[in-house]
Amino acid sequence: MSSAEQTPPYTGAGQDDATHRPRRIRTHHLQRFKDASERFAMLTSYDAMTAAVFDEAGVEVLLVGDSASSVVMGRKTTLPITVDELLVFATSVVAGAQRALVVVDLPFGSYESSPQQAVETSVRFLKEAGVAAVKLEGDASLAGHVEALVSAGIPVMAHVGFTPQSEHALGGYRVQGRGEARQKVIDDAVALQDAGAFSVLMEMVPAEVAAEVDRTLRVPTIGIGAGSATTGQVLVWQDMLGLNSGRVPRFVKQYADLRSVMTQAVATYREDVVTGRFPGEEHSF
(Lines give C-alpha, C1' and ligand atoms only; values in the text may rest on other atoms or scores of the structure.)
Protein backbone atom coordinates (compact mmCIF):
# COMPACT_ATOMS: atom_id res chain seq x y z
CA MET A 1 0.00 0.00 0.00
CA SER A 2 1.38 3.40 -0.96
CA SER A 3 1.52 6.30 1.47
CA ALA A 4 -1.32 7.97 -0.47
CA GLU A 5 -3.54 4.95 0.23
CA GLN A 6 -2.88 4.78 3.97
CA THR A 7 -5.62 6.02 6.25
CA PRO A 8 -5.11 7.84 9.55
CA PRO A 9 -5.99 6.11 12.83
CA TYR A 10 -9.72 5.47 12.91
CA THR A 11 -11.45 6.57 16.10
CA GLY A 12 -15.12 6.31 15.15
CA ALA A 13 -17.30 5.70 12.12
CA GLY A 14 -18.76 9.18 12.23
CA GLN A 15 -15.50 11.04 12.86
CA ASP A 16 -15.28 13.79 10.25
CA ASP A 17 -12.29 15.93 11.13
CA ALA A 18 -9.16 16.34 9.05
CA THR A 19 -7.09 14.16 11.39
CA HIS A 20 -9.26 11.06 11.76
CA ARG A 21 -11.55 10.68 8.77
CA PRO A 22 -10.40 8.17 6.13
CA ARG A 23 -8.63 9.63 3.12
CA ARG A 24 -10.64 7.24 0.98
CA ILE A 25 -13.86 5.45 1.91
CA ARG A 26 -13.66 1.67 1.65
CA THR A 27 -16.30 -0.99 2.17
CA HIS A 28 -14.98 -1.70 5.68
CA HIS A 29 -15.62 1.92 6.64
CA LEU A 30 -19.31 1.44 5.77
CA GLN A 31 -19.31 -1.62 8.00
CA ARG A 32 -17.93 0.53 10.81
CA PHE A 33 -20.87 2.87 10.38
CA LYS A 34 -23.21 -0.08 10.81
CA ASP A 35 -21.33 -1.41 13.83
CA ALA A 36 -21.34 2.02 15.48
CA SER A 37 -25.05 2.64 14.70
CA GLU A 38 -24.07 5.65 12.61
CA ARG A 39 -25.08 6.67 9.11
CA PHE A 40 -23.70 7.64 5.74
CA ALA A 41 -24.95 9.37 2.61
CA MET A 42 -25.00 8.13 -0.96
CA LEU A 43 -25.87 10.01 -4.17
CA THR A 44 -25.92 9.14 -7.82
CA SER A 45 -23.35 10.79 -10.06
CA TYR A 46 -22.62 10.50 -13.76
CA ASP A 47 -19.81 12.96 -14.49
CA ALA A 48 -16.56 14.25 -13.05
CA MET A 49 -17.81 17.70 -12.04
CA THR A 50 -20.78 16.56 -9.94
CA ALA A 51 -18.63 13.78 -8.50
CA ALA A 52 -16.08 16.36 -7.34
CA VAL A 53 -18.79 18.55 -5.78
CA PHE A 54 -20.49 15.68 -3.95
CA ASP A 55 -17.11 14.33 -2.85
CA GLU A 56 -16.08 17.73 -1.48
CA ALA A 57 -19.39 17.95 0.38
CA GLY A 58 -18.51 14.74 2.20
CA VAL A 59 -20.85 12.23 0.55
CA GLU A 60 -19.41 8.84 1.38
CA VAL A 61 -20.70 6.77 -1.57
CA LEU A 62 -21.28 7.74 -5.20
CA LEU A 63 -23.47 5.49 -7.33
CA VAL A 64 -23.00 5.49 -11.09
CA GLY A 65 -26.57 4.38 -11.57
CA ASP A 66 -28.24 2.87 -14.58
CA SER A 67 -30.67 5.72 -13.85
CA ALA A 68 -28.40 7.62 -16.24
CA SER A 69 -30.52 6.00 -18.92
CA SER A 70 -33.41 8.23 -17.82
CA VAL A 71 -31.99 11.34 -16.16
CA VAL A 72 -29.04 11.84 -18.51
CA MET A 73 -29.97 10.12 -21.76
CA GLY A 74 -33.71 10.88 -21.72
CA ARG A 75 -34.97 7.33 -22.05
CA LYS A 76 -38.15 6.17 -20.37
CA THR A 77 -36.58 3.39 -18.29
CA THR A 78 -33.22 2.10 -17.09
CA LEU A 79 -33.40 -0.96 -19.32
CA PRO A 80 -31.77 0.32 -22.55
CA ILE A 81 -28.45 1.51 -21.14
CA THR A 82 -25.47 -0.64 -22.16
CA VAL A 83 -22.24 -1.59 -20.46
CA ASP A 84 -20.24 0.54 -22.90
CA GLU A 85 -22.43 3.57 -22.22
CA LEU A 86 -22.25 3.17 -18.46
CA LEU A 87 -18.49 2.68 -18.62
CA VAL A 88 -18.15 6.25 -19.90
CA PHE A 89 -20.13 7.62 -16.97
CA ALA A 90 -18.27 5.45 -14.46
CA THR A 91 -14.86 6.51 -15.77
CA SER A 92 -15.90 10.15 -15.45
CA VAL A 93 -17.11 9.78 -11.86
CA VAL A 94 -13.95 7.98 -10.78
CA ALA A 95 -11.91 10.84 -12.27
CA GLY A 96 -13.82 13.38 -10.18
CA ALA A 97 -14.00 11.54 -6.86
CA GLN A 98 -11.06 11.73 -4.48
CA ARG A 99 -12.50 10.23 -1.30
CA ALA A 100 -15.92 8.68 -1.95
CA LEU A 101 -16.48 4.99 -2.62
CA VAL A 102 -17.61 4.69 -6.25
CA VAL A 103 -20.14 1.94 -7.02
CA VAL A 104 -21.59 1.17 -10.45
CA ASP A 105 -24.82 -0.55 -11.42
CA LEU A 106 -24.59 -3.64 -13.57
CA PRO A 107 -26.94 -2.84 -16.48
CA PHE A 108 -29.89 -5.01 -17.39
CA GLY A 109 -28.79 -7.99 -19.46
CA SER A 110 -25.14 -7.81 -18.41
CA TYR A 111 -25.13 -10.25 -15.48
CA GLU A 112 -28.32 -12.29 -15.19
CA SER A 113 -27.43 -15.17 -17.53
CA SER A 114 -24.72 -16.70 -15.38
CA PRO A 115 -22.22 -16.00 -12.62
CA GLN A 116 -19.53 -16.00 -15.31
CA GLN A 117 -21.31 -13.23 -17.23
CA ALA A 118 -21.59 -11.22 -14.01
CA VAL A 119 -17.87 -11.60 -13.32
CA GLU A 120 -16.86 -10.71 -16.88
CA THR A 121 -19.00 -7.55 -16.88
CA SER A 122 -17.82 -6.49 -13.45
CA VAL A 123 -14.16 -7.00 -14.31
CA ARG A 124 -14.59 -4.49 -17.14
CA PHE A 125 -15.95 -1.88 -14.74
CA LEU A 126 -13.11 -2.37 -12.26
CA LYS A 127 -10.36 -2.51 -14.89
CA GLU A 128 -11.58 0.05 -17.44
CA ALA A 129 -13.40 2.55 -15.22
CA GLY A 130 -11.66 2.05 -11.89
CA VAL A 131 -14.78 1.70 -9.75
CA ALA A 132 -14.48 0.09 -6.32
CA ALA A 133 -17.63 -2.05 -6.36
CA VAL A 134 -20.65 -3.12 -8.39
CA LYS A 135 -24.35 -3.19 -7.56
CA LEU A 136 -26.76 -5.79 -8.88
CA GLU A 137 -30.52 -6.06 -8.61
CA GLY A 138 -32.06 -9.37 -7.70
CA ASP A 139 -33.29 -11.81 -5.12
CA ALA A 140 -31.99 -14.95 -3.45
CA SER A 141 -31.77 -16.69 -6.82
CA LEU A 142 -28.71 -14.55 -7.61
CA ALA A 143 -26.78 -15.61 -4.52
CA GLY A 144 -24.52 -17.72 -6.73
CA HIS A 145 -23.73 -14.68 -8.84
CA VAL A 146 -22.72 -12.74 -5.72
CA GLU A 147 -20.56 -15.61 -4.51
CA ALA A 148 -18.76 -15.76 -7.85
CA LEU A 149 -18.15 -12.02 -7.86
CA VAL A 150 -16.82 -11.96 -4.31
CA SER A 151 -14.61 -14.97 -5.04
CA ALA A 152 -13.17 -13.00 -7.97
CA GLY A 153 -12.30 -10.12 -5.62
CA ILE A 154 -15.19 -7.87 -6.67
CA PRO A 155 -17.14 -6.14 -3.86
CA VAL A 156 -20.91 -6.39 -4.36
CA MET A 157 -23.78 -4.21 -3.19
CA ALA A 158 -27.07 -6.07 -3.47
CA HIS A 159 -30.37 -4.36 -4.37
CA VAL A 160 -33.69 -5.82 -3.17
CA GLY A 161 -37.30 -4.71 -2.85
CA PHE A 162 -38.39 -2.76 -5.90
CA THR A 163 -35.82 -3.41 -8.60
CA PRO A 164 -36.32 -1.04 -11.56
CA GLN A 165 -34.79 -3.46 -14.08
CA SER A 166 -37.67 -5.83 -13.25
CA GLU A 167 -40.43 -3.23 -13.47
CA HIS A 168 -42.34 -5.19 -16.12
CA ALA A 169 -42.24 -8.39 -14.09
CA LEU A 170 -43.24 -6.49 -10.94
CA GLY A 171 -46.17 -4.75 -12.62
CA GLY A 172 -44.73 -1.25 -12.58
CA TYR A 173 -43.36 1.02 -9.88
CA ARG A 174 -44.94 -0.55 -6.81
CA VAL A 175 -43.94 -0.83 -3.16
CA GLN A 176 -42.55 -4.28 -2.40
CA GLY A 177 -42.70 -6.28 0.82
CA ARG A 178 -46.25 -5.63 1.95
CA GLY A 179 -48.32 -8.36 3.54
CA GLU A 180 -47.20 -11.89 2.72
CA ALA A 181 -44.33 -10.52 0.60
CA ARG A 182 -42.67 -9.15 3.73
CA GLN A 183 -40.73 -12.33 4.43
CA LYS A 184 -39.40 -12.55 0.87
CA VAL A 185 -37.64 -9.18 1.19
CA ILE A 186 -36.04 -10.33 4.43
CA ASP A 187 -35.04 -13.72 3.04
CA ASP A 188 -33.60 -12.19 -0.13
CA ALA A 189 -31.53 -9.72 1.86
CA VAL A 190 -30.17 -12.43 4.15
CA ALA A 191 -29.32 -14.75 1.24
CA LEU A 192 -27.42 -12.02 -0.62
CA GLN A 193 -25.58 -10.97 2.54
CA ASP A 194 -24.62 -14.58 3.25
CA ALA A 195 -23.39 -14.91 -0.34
CA GLY A 196 -20.91 -12.12 0.39
CA ALA A 197 -22.58 -8.78 -0.39
CA PHE A 198 -20.95 -6.01 1.65
CA SER A 199 -24.22 -4.06 1.84
CA VAL A 200 -27.86 -4.35 0.84
CA LEU A 201 -29.87 -1.53 -0.75
CA MET A 202 -33.65 -1.57 -0.33
CA GLU A 203 -35.93 0.41 -2.62
CA MET A 204 -39.61 1.21 -2.04
CA VAL A 205 -40.01 -1.09 0.93
CA PRO A 206 -42.30 -0.33 3.91
CA ALA A 207 -40.31 1.33 6.68
CA GLU A 208 -41.08 -1.37 9.24
CA VAL A 209 -39.89 -4.09 6.86
CA ALA A 210 -36.69 -2.21 6.09
CA ALA A 211 -36.11 -1.74 9.83
CA GLU A 212 -36.48 -5.48 10.37
CA VAL A 213 -34.03 -6.19 7.56
CA ASP A 214 -31.54 -3.76 9.09
CA ARG A 215 -31.87 -5.46 12.48
CA THR A 216 -31.44 -8.88 10.88
CA LEU A 217 -28.41 -8.15 8.72
CA ARG A 218 -24.87 -7.74 10.01
CA VAL A 219 -23.88 -5.69 6.92
CA PRO A 220 -24.92 -2.07 6.31
CA THR A 221 -28.26 -1.33 4.66
CA ILE A 222 -29.08 1.55 2.33
CA GLY A 223 -32.56 2.90 1.76
CA ILE A 224 -34.42 4.74 -0.96
CA GLY A 225 -38.06 4.96 -0.06
CA ALA A 226 -37.40 2.54 2.79
CA GLY A 227 -37.77 4.65 5.91
CA SER A 228 -35.12 5.98 8.26
CA ALA A 229 -33.78 2.85 9.97
CA THR A 230 -31.20 1.97 7.31
CA THR A 231 -27.50 2.67 7.77
CA GLY A 232 -27.33 4.81 4.63
CA GLN A 233 -29.66 6.75 2.35
CA VAL A 234 -29.42 7.26 -1.42
CA LEU A 235 -31.18 9.58 -3.84
CA VAL A 236 -30.84 10.42 -7.51
CA TRP A 237 -29.08 13.77 -7.43
CA GLN A 238 -31.33 15.42 -10.04
CA ASP A 239 -34.31 14.62 -7.81
CA MET A 240 -32.59 15.78 -4.62
CA LEU A 241 -31.47 19.09 -6.12
CA GLY A 242 -34.68 19.80 -8.01
CA LEU A 243 -33.36 19.57 -11.55
CA ASN A 244 -36.14 17.30 -12.75
CA SER A 245 -39.52 18.67 -13.70
CA GLY A 246 -42.86 17.00 -13.11
CA ARG A 247 -43.86 14.57 -10.39
CA VAL A 248 -41.41 14.00 -7.56
CA PRO A 249 -41.48 10.59 -5.83
CA ARG A 250 -42.84 10.60 -2.29
CA PHE A 251 -39.52 9.46 -0.84
CA VAL A 252 -37.57 12.40 -2.31
CA LYS A 253 -36.69 15.50 -0.30
CA GLN A 254 -35.65 18.39 -2.51
CA TYR A 255 -32.82 20.45 -1.05
CA ALA A 256 -32.71 23.01 -3.87
CA ASP A 257 -34.59 24.11 -6.97
CA LEU A 258 -31.81 24.02 -9.53
CA ARG A 259 -34.22 23.93 -12.44
CA SER A 260 -35.56 27.38 -11.59
CA VAL A 261 -32.09 28.77 -10.87
CA MET A 262 -30.71 27.46 -14.16
CA THR A 263 -33.72 28.55 -16.20
CA GLN A 264 -33.50 32.08 -14.87
CA ALA A 265 -29.74 32.26 -15.37
CA VAL A 266 -29.95 31.00 -18.96
CA ALA A 267 -32.81 33.37 -19.76
CA THR A 268 -30.75 36.28 -18.42
CA TYR A 269 -27.75 35.17 -20.47
CA ARG A 270 -29.85 34.98 -23.62
CA GLU A 271 -31.33 38.42 -22.96
CA ASP A 272 -27.84 39.87 -22.50
CA VAL A 273 -26.72 38.33 -25.80
CA VAL A 274 -29.67 39.50 -27.91
CA THR A 275 -29.55 43.03 -26.44
CA GLY A 276 -25.78 43.32 -26.81
CA ARG A 277 -25.00 43.60 -23.09
CA PHE A 278 -22.80 40.51 -23.31
CA PRO A 279 -19.94 40.37 -23.96
CA GLY A 280 -18.86 43.68 -22.48
CA GLU A 281 -15.45 45.27 -22.53
CA GLU A 282 -14.45 43.32 -19.44
CA HIS A 283 -15.07 40.05 -21.34
CA SER A 284 -13.05 41.06 -24.41
CA PHE A 285 -9.34 40.98 -25.20
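Remember, it's a predicted structure, so these values are computed and weren't measured experimentally.

## Observations regarding the packing of helix H5 (residues 115-129) against helix H6 (residues 143-151)
Orientation of H5 relative to H6, taken along the N-to-C sense of each, is 45°, at an axis distance of 8 Å. As far as their axial angle goes, H6 and H5 are oblique. Note on packing geometry: the crossing formed by H5 with H6 is right-handed. Contacts from Pro-115, Ala-118, Val-119 and Ser-122 in H5 reach Gly-144, His-145, Ala-148 and Leu-149 in H6. Classifying every residue of the contact of H5 with H6 gives five nonpolar, three polar and no charged.

## Looking at the packing of aromatic side chains
Under the counting rule described, the total for this entry stands at four aromatic pairs. Pairing Tyr-46 with Phe-89 gives two aromatic rings, centres 6.4 Å apart and planes at 80°, and the pair type is edge-to-face. Here the residue Tyr-46 occupies a position in the loop between strand E1 (40-44) and helix H2 (48-56), and Phe-89 occupies one in helix H4 (residues 83-96), the gap between them amounting to 43 residues. Owing to a relative accessible area of 15%, Phe-89 belongs among the buried residues under this scheme.

## Description of the sheet that holds strand E5 (residues 156-161)
Read around the closed barrel, eight strands run E1-E2-E3-E4-E5-E6-E7-E8, paired in parallel fashion. Taken pair by pair, the neighbouring strands of this sheet meet at an average axis angle of 25°, ignoring direction.

## Focus: the environment of Gly-130
Positionally, Gly-130 belongs in the loop between H5 and strand E4 (133-137). Sequence spacing of Gly-130 and Ala-95 is 35 residues, and the spatial spacing of their C-alpha atoms is 8.8 Å. What Gly-130 contacts, discounting residues up to four positions off in sequence, is Val-94 and Phe-125.

Rules behind the numbers
For every chain, the first residue of the written sequence is number 1, and numbering continues from 1 onward in sequence order. In keeping with the model being predicted, local features are shown solely for residues with a pLDDT of at least 70 and side-chain atom pairs are shown and tallied solely at 80 or more, while totals for entire chains, interfaces and linings include all residues. As a convention, hydrogens and water are excluded, and side-chain values are obtained from all of the structure's heavy atoms. Axes here mean lines fitted to C-alpha atoms, for a helix over just the part in contact, with angles spanning 0 to 180 degrees between N-to-C directions. Strands here are runs of E lasting at least two residues and helices are runs of H or I lasting at least four, both read from the DSSP assignment and numbered beginning at the N terminus. The scheme is simple: roughly parallel for angles under 35 degrees, roughly antiparallel for over 145, roughly perpendicular for 65 to 115, oblique for anything else. In this scheme the handedness of a crossing depends on how the near helix is turned from the far one: anticlockwise by less than a right angle means left-handed, clockwise means right-handed. In this description, contact between two residues means that some pair of their heavy atoms is separated by no more than 4.5 Å. Residue polarity is assigned by list, with Asp, Glu, Lys and Arg as charged and Ala, Val, Leu, Ile, Met, Phe, Trp, Tyr, Cys and Pro as nonpolar; anything else, Gly included, falls into the polar class. Planes of paired rings set the category: under 30 degrees apart is stacked, over 60 is edge-to-face and the rest tilted, where pairs are Phe, Tyr or Trp rings (Trp by its six-membered ring) whose centres lie within 6.5 Å. Buried means the residue's accessible area, taken with a 1.4 Å probe over protein chains only, is under 20% of the maximum for its type, while exposed means over 50%, and partly exposed covers the values in between. Note on pairing: two strands pair once DSSP finds at least 2 bridges between them.

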